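Notes for the structure review
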Amino acid sequence: MEKVKIEKNTVQETLIIPLYGRKMCAEKFPELYTDVFAERLCERLDYDFSELEKKKKSFIYQFGALEAAMRQLDIMWEIKNYLAKHPKATVVNLGCGLDETGKACDNGTCSIVNIDFPDVISIREKLISAYDRETNIACDLNDYSWMDKVDGSNGVIFFAAGVFHYFKTEEVKSLALELSKRFPGGCLVFDSVRKLALKLMMAAVIKNMGMSDVEGYFYVNNPAKDLNWSKKIKVTSKGYMLGYYDMKSPGIHFMHRLLARIGDKGMKMYINRMDFV
Ligand SMILES: C[S@@+](CC[C@H](N)C(=O)[O-])C[C@H]1O[C@@H](n2cnc3c(N)ncnc32)[C@H](O)[C@@H]1O
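Scope of this entry: the structure provided in the associated data block. Since this is a predicted model, take the numbers as computed values, not measurements. (Residues numbered from 1 in each chain as written. Predicted model: local features only at pLDDT ≥ 70, side-chain atom pairs only at ≥ 80, totals over all residues. Heavy atoms only, no water.)

Regarding the packing of helix α1 (residues 16-28) against helix α4 (residues 59-85)
Our working rule: Working convention: axes come from line fits to C-alpha atoms, limited for helices to the stretch in contact. Angles between N-to-C directions cover 0 to 180 degrees. Counting from the N terminus, the helices are DSSP H or I runs at least four residues long and the strands are E runs at least two residues long. Orientation is classified from the angle alone, with under 35 degrees giving roughly parallel, over 145 giving roughly antiparallel, 65 to 115 giving roughly perpendicular, and any other angle giving oblique. Residues are treated as being in contact if the distance between any of their heavy atoms lies within 4.5 Å.
Closest axis-to-axis distance for the α1/α4 pair is 8 Å, and the angle between their directions is 95 degrees. With respect to their mutual orientation, α1 and α4 come out roughly perpendicular. Only Tyr61, Gln62, Ala65, Leu66, Ala68, Ala69, Arg71 and Gln72 of α4 make contact with α1, whose side of the interface consists of Pro18, Tyr20, Gly21, Arg22, Met24, Cys25 and Lys28.

Written out as structure tokens, the structure reads:
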């Protein structure tokens, strides 16, 4: 089968890290995390995984893979919680990359929408076949014309996993305010970290993609304060690593859990949920 090329040093390359992390996590910690899609997808990509393969045994790298998996498990928890009350809602994956969380949460009645830049959607469409109730939209998220294509009449949950680190704070705020105006009763779920963690995380990305600094980019030190953008938005936040699951699973070292605590408490890693009232 023909392989699909992913260009180096582009925003689209950023989708590789969480995808490979999920594949690795599913291999290494199957009791905690399973992923039927990630391994198959990695095999179909024309991408040099050797750097990532080399790091595979390092403790810190394994922790990074756990991060990708925990983030997906947390977001799935929120989606399932929302769908339990709104079974026909639309589930919208913002900056979807090659992530198939929508399908993993499918209840047979919801609709699924995946949005990313046109080059990423074109790669996605070569690799992943969409369900009947699933639509892909090729668009820059900052161009709000995509919102006209989302049906929120039966409820809608938007989620952005590992995406807003590439946005300016003003862009995230403006997007959230626009969604809250257009989709009352809907909600938006996304991950965030404090400024120091953003600096550490983005060091390599900044170097490779020519961004000058993380200044102006989106970070959250204190969700209740920093995300207090509107009376129409109710914010709740939980720890990203341990807020939903205790990570007590075979193969998870106590040092992984210690780092997870440091991540949540020290690096202020959060999953934030905004309910549009
Ligand atoms: C780190 S990847 C995460 C991919 C996916 N959410 C996951 O968890 O595997 C970031 C994704 O956000 C997309 N992205 C970043 N900025 C975007 C924008 N302004 N509009 C649309 N997509 C964007 C990138 O193309 C990339 O696919």
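Side note on the packing of aromatic side chains
Defined as follows: Two aromatic rings, drawn from Phe, Tyr or Trp (for Trp, its six-membered ring), form a pair once their centres lie within 6.5 Å of each other, and the interplanar angle then sorts them: stacked below 30 degrees, edge-to-face above 60, tilted otherwise. The buried label applies to any residue whose accessible area, calculated with a 1.4 Å probe on protein chains only, is under 20% of its type's maximum; exposed applies above 50%, and partly exposed to all values in between.
Under the criterion given, the structure shown has 10 aromatic pairs. Ring geometry for Trp146 versus Phe158: centroids 6.1 Å apart, planes at 70 degrees, classification edge-to-face. With Trp146 in the loop between β5 (134-138) and β6 (156-160) and Phe158 in strand β6, the pair connects residues that are 12 residues apart, well separated along the chain. Geometrically, the ring pair formed by Phe218 and Trp229 is tilted, given 6.4 Å between the ring centres and 55 degrees between the ring planes. Highlighted residues: Phe218 in the loop between α8 (195-209) and α9 (223-226) and Trp229 in the loop between α9 and β8 (233-239), separated in sequence by 11 residues. You can call Phe218 buried: its relative accessible area is 2%. In this structure an aromatic cluster arises from ring pairing among Phe164, Phe167, Phe190, Phe218 and Trp229.

Remarks on the environment of Asp119
Summarising the element assignment, Asp119 is placed in helix α6 (residues 118-127). Separated by 19 residues in the primary sequence, Asp119 and Ala138 have C-alpha atoms spaced 8.0 Å apart.

Observations concerning the site of the ligand
Basically, it comes down to this: One heavy atom suffices: a residue is near a molecule or strand as soon as one of its heavy atoms comes within 4 Å of it. For this analysis, a polar contact is any N or O atom pair within 3.5 Å, provided that within protein one partner can donate a hydrogen and the other can accept it, and provided that sequence-adjacent residues contribute only side-chain to side-chain pairs. Only the protein chains shown count as cover for residues, and all accessible areas are computed by the Shrake-Rupley method using a 1.4 Å probe.
Around the ligand lies a shell of 22 residues, among which Gly95, Asp116, Asp140, Leu141 and Ala161 are the nearest. Separating an oxygen atom of the ligand from a side-chain N or O atom of Asp116 is a distance of 2.6 Å. Residue Asp140 places a side-chain N or O atom 3.0 Å away from a nitrogen atom belonging to the ligand. Compared with its free state, where it exposes 590 Å², the ligand has 96% of that area covered by protein.

Describing the nonpolar core
Condition: Nonpolar cores were defined as sets of buried Ala, Val, Leu, Ile, Met, Phe, Trp, Tyr and Cys residues, with membership established by side-chain atoms within 4.5 Å.
Core analysis: the largest hydrophobic core is formed by 38 residues, its most contacted members being Leu32, Leu66, Ile79 and Met241. Of all elements in the fold, only α1, α4, β6, β7 (187-192) and α8 reach the threshold of two or more residues within this core.

A few points about empty space enclosed by the protein
Which parts of space are left empty comes out when a probe the size of a water molecule is rolled across the atoms. The criterion, for reference: A pocket, in this scheme, is an open set of points on a 1 Å grid over the protein atoms alone with protein on both sides within 12 Å along at least 5 of 7 lines, while a cavity is a set where a 1.4 Å probe fits but cannot get out; residues line either one if an atom lies within 4 Å of a point. Grid points are joined across faces, edges and corners, and a volume is the space filled by probe spheres set on the points. Note that Gly is not counted as nonpolar here; it falls among the polar residues with everything else outside the nonpolar set of Ala, Val, Leu, Ile, Met, Phe, Trp, Tyr, Cys and Pro and the charged set of Asp, Glu, Lys and Arg.
Applying the stated criterion across every chain yields a total of 1 cavity of 30 Å³ or more. The calculated volume of the largest cavity comes to roughly 40 Å³. Lining the largest cavity are Leu19, Arg22, Asp35, Phe37, Ala38, Gln72, Leu98, Asp99, Glu100 and Thr101. Broken down by class, the residue content of the lining of the largest cavity amounts to 4 nonpolar, 2 polar and 4 charged.

Quick notes on a nonpolar patch on the surface
Let me state the cut-off plainly: For patches, a residue must show more than 30% relative accessible area and have no salt bridge; joins then use 9 Å for like charges and 5 Å for nonpolar side chains, namely Val, Leu, Ile, Met, Phe, Trp and Tyr. Just to be clear on terms, a salt bridge is a Lys or Arg side-chain nitrogen sitting within 4 Å of an Asp or Glu carboxyl oxygen.
On the surface, Phe59, Ile60, Phe254, Met255, Leu258 and Ile262 cluster together into a nonpolar patch covering about 550 Å² of accessible area. Counting only elements with at least two residues in the nonpolar patch, the list comes to α4 and α10 (254-266). For the nonpolar patch, the element with the most residues is α10, which contributes 4 residues. Relative to the helices and strands, Ile60 resides in helix α4. Judged by its relative accessible area of 58%, Ile60 is exposed.

Some words on the pattern of salt bridges
Any two side chains of opposite charge can pair, on the condition that their charged atoms come close. By the definition in use, this model includes 17 salt bridges. The salt bridge involving Glu51 is made with Lys54; its shortest N-O contact spans 3.1 Å. Pair noted here: Glu51 and Lys54 are both in helix α3 (residues 50-55), with a separation of 3 residues, about one helical turn. Accessibility expressed as a relative area gives 43% for Glu51, which makes it partly exposed. The shortest N-O distance in the salt bridge between Lys181 and Glu178 comes to 3.9 Å. Of this pair, Lys181 and Glu178 both sit in helix α7 (residues 169-182), 3 residues apart, which is roughly one turn of that helix. Among the charged side chains, a network of salt bridges with common partners joins Lys23, Glu27, Glu53 and Lys56.

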